[in-house]
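Take a look at the letters that make up each chain.
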2 protein chains.
Amino acid sequence: MKYAIIGTGAVGSYYGGKLAHAGCDVHFLLHSDYEYVNLHGMQIDSCDGSFHLDHPQVYHDTAEMPQADVVIVALKTTRNHLLKQLLPPLLHKETLVLLIQNGIGPEPELQKQFPELYLAAGLAFICSSKTEPGRVNHQCYGSINIGNYSCKNLQVMERLIADFNQAGVKAYEVEYHEARWKKAVWNMSFNGMTVALNTQTDQLLANPATRELIHRQMLEVIGAAQAVGVQNIDDSFADRMIEMTLNMTPYSPSMKLDFDFHRPMEIEYLYSHAIAEAHSVGYSMPCLEMLEAELKFIEASYLKSR
Amino acid sequence: MKYAIIGTGAVGSYYGGKLAHAGCDVHFLLHSDYEYVNLHGMQIDSCDGSFHLDHPQVYHDTAEMPQADVVIVALKTTRNHLLKQLLPPLLHKETLVLLIQNGIGPEPELQKQFPELYLAAGLAFICSSKTEPGRVNHQCYGSINIGNYSCKNLQVMERLIADFNQAGVKAYEVEYHEARWKKAVWNMSFNGMTVALNTQTDQLLANPATRELIHRQMLEVIGAAQAVGVQNIDDSFADRMIEMTLNMTPYSPSMKLDFDFHRPMEIEYLYSHAIAEAHSVGYSMPCLEMLEAELKFIEASYLKSR
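Residues numbered from 1 in each chain as written. Chains lettered and ligands numbered in written order. Predicted model: local features only at pLDDT ≥ 70, side-chain atom pairs only at ≥ 80, totals over all residues.

The next point concerns the environment of A:His177. All names here are of chain A. With respect to the helices and strands, the residue histidine 177 is situated in helix 6 (residues 176-196). Using a count of 19 C-beta atoms within 10 Å as the deciding quantity, one classes histidine 177 as partly exposed. A C-alpha to C-alpha distance of 9.3 Å links histidine 177 and asparagine 148, two positions 29 residues apart in sequence. (Helix = DSSP H or I, 4+ residues; strand = E, 2+ residues; numbered from the N terminus. Buried ≥ 20, exposed ≤ 12 C-beta atoms within 10 Å, placed from the backbone.)

Glancing now at the nonpolar core. Ranked by internal contacts, the top residues of the largest apolar core, which has 81 residues, are A:Val185, A:Val221, B:Val185 and B:Val221. With near-sequence residues (within four places) excluded, B:Val185 lies in contact with B:Met218, B:Val221, B:Ile222, B:Phe237, B:Ala238 and B:Met241. (Core = buried A, V, L, I, M, F, W, Y, C linked by C-beta atoms within 7 Å. Contact = placed C-beta atoms within 7 Å.)

A separate point is the relation of the copies chain B and chain A. Note on the copies: chain B fits chain A at an RMSD of 0.1 Å, the axial shift is 0.0 Å, and the rotation between them is 179°. Read as a symmetry element, the transformation amounts to a two-fold axis. When C-alpha positions in chain B are compared against the rotation axis, the closest is assigned to B:Cys287, at 2.8 Å. Interface overlap between copies is the fraction of interface residues in one copy that are interface residues in the other; for chain B against chain A it reaches 100%, indicating a shared surface. (Least-squares fit on C-alpha atoms with pLDDT ≥ 70 in both.)

If you look at the interface, chain B gives 16 residues, while chain A gives 16 residues. Looking at the side of chain B that touches chain A, the elements with two or more residues in it are helix 8 (208-227) and helix 12 (286-304) of chain B. Among the elements that make up the side of chain B that touches chain A, the one with the highest residue count is helix 12 of chain B (9 residues).

Another aspect to go through is the pairing of strand 8 (residues 118-132) of chain A. Residues and elements named next belong to chain A. In this sheet, strand 8 lies alongside strand 7 (residues 91-99) in parallel orientation, the contact comprising 4 bridges. In the strand pairing of strand 8, leucine 98 is matched with alanine 120. When strand 8 meets strand 9 (residues 135-148), the two strands line up antiparallel, connected through 12 bridges. Note that in strand 9 the partner of serine 129 across the bridge is asparagine 137. Remark: 2 residues form the turn of the hairpin made by strand 8 and strand 9, two consecutive strands paired antiparallel; glycine 134 in that turn has positive phi of roughly 70°. (Pairing = 2+ DSSP bridges.)

Fair warning: the whole summary comes from geometry, so function is off the table for now.
Set out below in structure tokens:
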């Protein structure tokens, strides 16, 4: 299978890099790092074994890239408006587009623009960051859950999962809605709260007041998930997420890094879409709606002063 | 009537100063400013006409002060634990203690310690700040609503209100619960939110997301007030409070000043007591409970690093 990677950052470089390192035919789209990677290749520093790609297939324009069987989109959702231009050169009739993105709703949003497109969600459980041009540091975790949204070619889904597993990435097929909403339980609480209080996961859990608040916010997401029809989720999932986070290294989620570097935050997909979907069935998440408002205020303050 | 002022800061200096300037017999308790004010007097810079008290009656210990007919307490509620020691020398059998303090519940809390004491609430609508030792800047407003909590001598209530009005302070008698909860509508939203987002009233109202959030928080307080049995308050009160704030100079509420100077914040009386009283009748205020948790986290962060 031929792979295209759009968004060669901390996440796209890792998953694309693992596939390429295992011998898959992977084509990377790069912007700012194009010159550097074209000359020096890509370095993946990884807790699971570091490696270097000497001559990855890199491009700075999707028009120059071959059609792919699987396009992996690992852009921030704040840049999803670019996909309308970026995707078409990469697509044949049965191309699967895997969105390794945060939040609720990137697939239905993209489906509106490409009604026939095969889409799947990639839920990455990974701590990684880009440390310099062409270099990614993968600190821990790394598995990926894949939920079929609209892919009618089940064979390509199976081969994608097999390729990942062969490349050393634990990949599982999961139910789409359940997977996106379960990921939202952690994301909606910790991403926003680390920004609102300018802190990290461990500090939020060390303070009894914010630990209880995080738990309450998780219960709001679980309630919303149940309200929109997700099966297999109940309140105990919040306890498991908190337990897992207590065992993690103190962590700054992606939204906190966006905040630290004064980049746009993924408020729309992480909060607004989830809130709107819950509202559509008459469910509200007051604490997360408050957090959404705080994040909008914070983002407007720093984007204004750029 | 003989007056004692405990807490000669931005609020106590103004109201005590107005009474003294009008010829009332006013005795001030001072701490850090005692030496300065004893030598140089007190200066009230006021939008309603500035004045200077050349020789105010000042003390640094209530044990040296005369018994008073009215004790005006204008301490922050964070220092209310001091009242058990401070008050007794000032009290005769019918002394009225007026608490010009923020939040819900300072009177019932104090009543527990002094079961026979005559208590009233003073709700000050004033923008003032202490600018230097012995000097207060009164920027705008200045009226005071007085709610009888447990004063059985109605004559002293009447005389207090008359003395205020004669001194140029608009004073009105109001229903105690209604007055405290109405004040909480503004206080619980703006005090905490200016801290949580490190901003001022005008910025919160200029951003559509936080303006809606402030409105929502006000509706939570109004709902709690109705749930605990307060009459004469409905949702339109939130619109009036927002309208009033839009017409105010950009303002940092008292909690924001406490935050700016890394002083303890009045979380307990402004938030925790109100939340507990609402809970006692089965009502919850999710956004304000979230704000309480954020404030506890913020306060712990800076008090720890002192």
